[in-house]
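Descriptive analysis of the structure
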Amino acid sequence: MITVDKLIFEYPGLRALDEVSFRINQGSITALVGPNGAGKTTLLRCMAALDQPVSGSIHIAGIDVLEQPRDCHRMIGYLSDFFGLYQRLTVRQCLHFVARAQGIPDQDCEAAIVDVSHRLSIDDRLNMRPNELSRGLRQRVAIAQAIIHKPKLVLLDEPASGLDPEARHELAELFLELQHQGMTLLVSSHILAELEAYCTEMLVMRKGRIVEQVGVKNSTINKPFKLLLAHAVDNLAALLQSLPDIIVLNIEHNKLALLQIADDSQLQHATLKALLALNLPVCEFAPATSNLQDTYLQTIRHSS
Ligand SMILES: Nc1ncnc2c1ncn2[C@@H]1O[C@H](COP(=O)(O)OP(=O)(O)OP(=O)(O)O)[C@@H](O)[C@H]1O
């Protein structure tokens, strides 16, 4: 359904996408993962026909995105990593504005607002303003704006950032619901352990290239590894990226890192030795699990 072929995109002096090629099936939820600066946002912006690549092609459901950007806009929903909402408008007015901008006739807008706000469980917030909403609810309003015109493909850039574990879990359920309603989703995120819950495919990017595309359900990739240090190390990202057999998926506070390592115990052993050889104060190095989140969610549910 989506074909990206040999896509090249350059910022002045920097090749951000270097011959990126992949296919995505209709009805899938694909995770787009990779370390900071890998090119995820740039790729999503090109696919949303917001940035013009140097060369290559993007086809979505038979439409040539680079040749027919307007047709592409009608067919996709895009949530930017730094989305903005009009603070002076109510949620209903925000949705009405976007509905009209997407070409929905005025007489059909109210029905579209009712439908999308119901799907995102924000129907009781329609008369509030964005600054009166929590971050999770604002995220829902932004997603509602992105899908009000019922796009075939939804591109979401870091939709879970800033959300608490319960809101992230709800977001995962929402993605499955959108998939159930027939949409195809491409979701960029650093939080692999969560993506596992709903993704059918995973695209791994590094330095402007796709380094792996796997079906998540029969993945050959091991669970991501968590690395916890006893104290923060300033140049942690550079040190980790110097190691040959790992992909750095996320780093928090220069102390906690999520790494992708192949399903090979010798390689994992070699990686641990390399981490110690770098003098890193390793206090945990183990497959990442979502137990903490599960426990947290159960506690929240039982207490509500
Ligand atoms: N407007 C810009 N001008 C110049 N270089 C840019 C610009 N935007 C991004 N870049 C560079 O392009 C590369 C890819 O950036 P991009 O934002 O696509 O990566 P990303 O994978 O989305 O990163 P992150 O996970 O941090 O959001 C990076 O090296 C970045 O510094």
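An unreviewed UniProt entry annotates the protein chain as ABC transporter originating from Methylomonas lenta. Per UniProt, the protein chain carries the Sequence similarities (unreviewed entry) text "Belongs to the ABC transporter superfamily."

**Focus on helix H4 (residues 106-119)**
A rise of 1.5 Å per residue sets the reference length of H4, with its 14 residues, at 20 Å; its end C-alpha atoms lie 20 Å apart and thus fit the reference within 8%. Of all the residues in H4, the buried ones are Cys109, Ala112, Ile113, Val116, Ser117 and Arg119. Close packing links the buried residues of H4 with helix H3 (91-101), helix H5 (135-147) and helix H6 (165-180). Just downstream of H4, serine 121 is the residue with a positive phi angle, here 55 degrees.

**Examining the environment of proline 244**
In this fold, proline 244 is placed in the loop between helix H8 (236-241) and strand S12 (246-252). According to the relative accessible area criterion, proline 244 is exposed, its value standing at 66%. A C-alpha to C-alpha distance of 8.8 Å links proline 244 and threonine 271, two positions 27 residues apart in sequence.

**Section: the sheet that holds strand S2 (residues 14-24)**
As summarised here, the arrangement of the four strands in space is S2-S1-S4-S5, forming an open sheet in which the pairing is antiparallel. The open sheet is flanked by S2 and strand S5 (63-64), the only strands paired with a single partner. By the bridge criterion, two bridges tie strand S4 (residues 55-60) to S5 in an arrangement that is antiparallel. Looking at the pairing, histidine 59 lines up with aspartate 64 of S5.

**Looking at the sheet that holds strand S8 (residues 184-188)**
Hydrogen bonding along the main chain pairs the strands of a sheet, whether they run parallel or antiparallel. Ordered in space as S6-S7-S8-S3-S9-S10, the six strands form an open sheet in which the pairing is mixed. Sheet topology places strand S6 (76-79) and strand S10 (209-215) at the edges, where each strand pairs with a single neighbour. When the angles between neighbouring strand axes are averaged without regard to direction, this sheet yields 15 degrees. The pairing of strand S3 (residues 29-33) with strand S9 (residues 201-206) spans four bridges and is classified as parallel. Counted as the bridge partner of alanine 31 is methionine 202 from S9. Contacting S6 and strand S7 (153-157), H5 runs over the sheet at an angle of about 155 degrees to S6. Contacts from H6 reach S3, S7 and S8 within the one sheet, and its direction differs from that of S8 by about 150 degrees.

**Focus: the site of the ligand**
Every residue near the ligand is listed here: Tyr11, Leu14, Ala16, Pro35, Asn36, Gly37, Ala38, Gly39, Lys40, Thr41, Thr42 and His190. Threonine 41 places a side-chain nitrogen or oxygen 2.8 Å from an oxygen atom of the ligand. Computed on the free molecule, the ligand has an accessible area of 640 Å², of which 60% lies beneath the protein chains in the complex. Contributing elements (two or more residues each) for the shell around the ligand: S2 and helix H1 (40-47). Top contributing element to the shell around the ligand by residue count: H1, with three residues. For the shell around the ligand, the per-class residue count stands at five nonpolar, six polar and one charged.

**Brief notes about the nonpolar core**
Inside soluble globular proteins, nonpolar side chains tend to come together where they are buried. In terms of nonpolar packing, the biggest core is built from 49 residues, with Ile148 and Leu185 touching the most fellow members. Examining the composition of this core, we find that seven residues originate from one element, H5, more than from any other. Of the domains in this structure, domain 1 (2-215) and domain 2 (225-288) are the two that each give at least three residues to this core. In this structure isoleucine 148 touches Leu95, Val98, Ala99, Ile104, Ala112, Ile113 and Val116, once residues within four positions along its chain are discounted.

Calculation rules
Residues numbered from 1 in each chain as written. Predicted model: local features only at pLDDT ≥ 70, side-chain atom pairs only at ≥ 80, totals over all residues. Heavy atoms only, no water. UniProt positions renumbered as here; feature names shortened; annotations may be inferred. Helix = DSSP H or I, 4+ residues; strand = E, 2+ residues; numbered from the N terminus. Expected span 1.5 Å × (residues − 1). Buried < 20%, exposed > 50% of the residue type's maximum accessible area, 1.4 Å probe, protein only. Contact = heavy atoms within 4.5 Å. Pairing = 2+ DSSP bridges. Axes fitted to C-alpha atoms, helices over the stretch in contact; angles between N-to-C directions. Near = heavy atom within 4 Å. Polar contact = N/O pair within 3.5 Å; in protein donor to acceptor, adjacent residues only side chain to side chain. Areas by Shrake-Rupley, 256 points an atom, 1.4 Å probe, with all protein chains shown as cover. Nonpolar A, V, L, I, M, F, W, Y, C, P; charged D, E, K, R; others polar. Core = buried A, V, L, I, M, F, W, Y, C linked by side-chain atoms within 4.5 Å. Domains from an automatic or database assignment.

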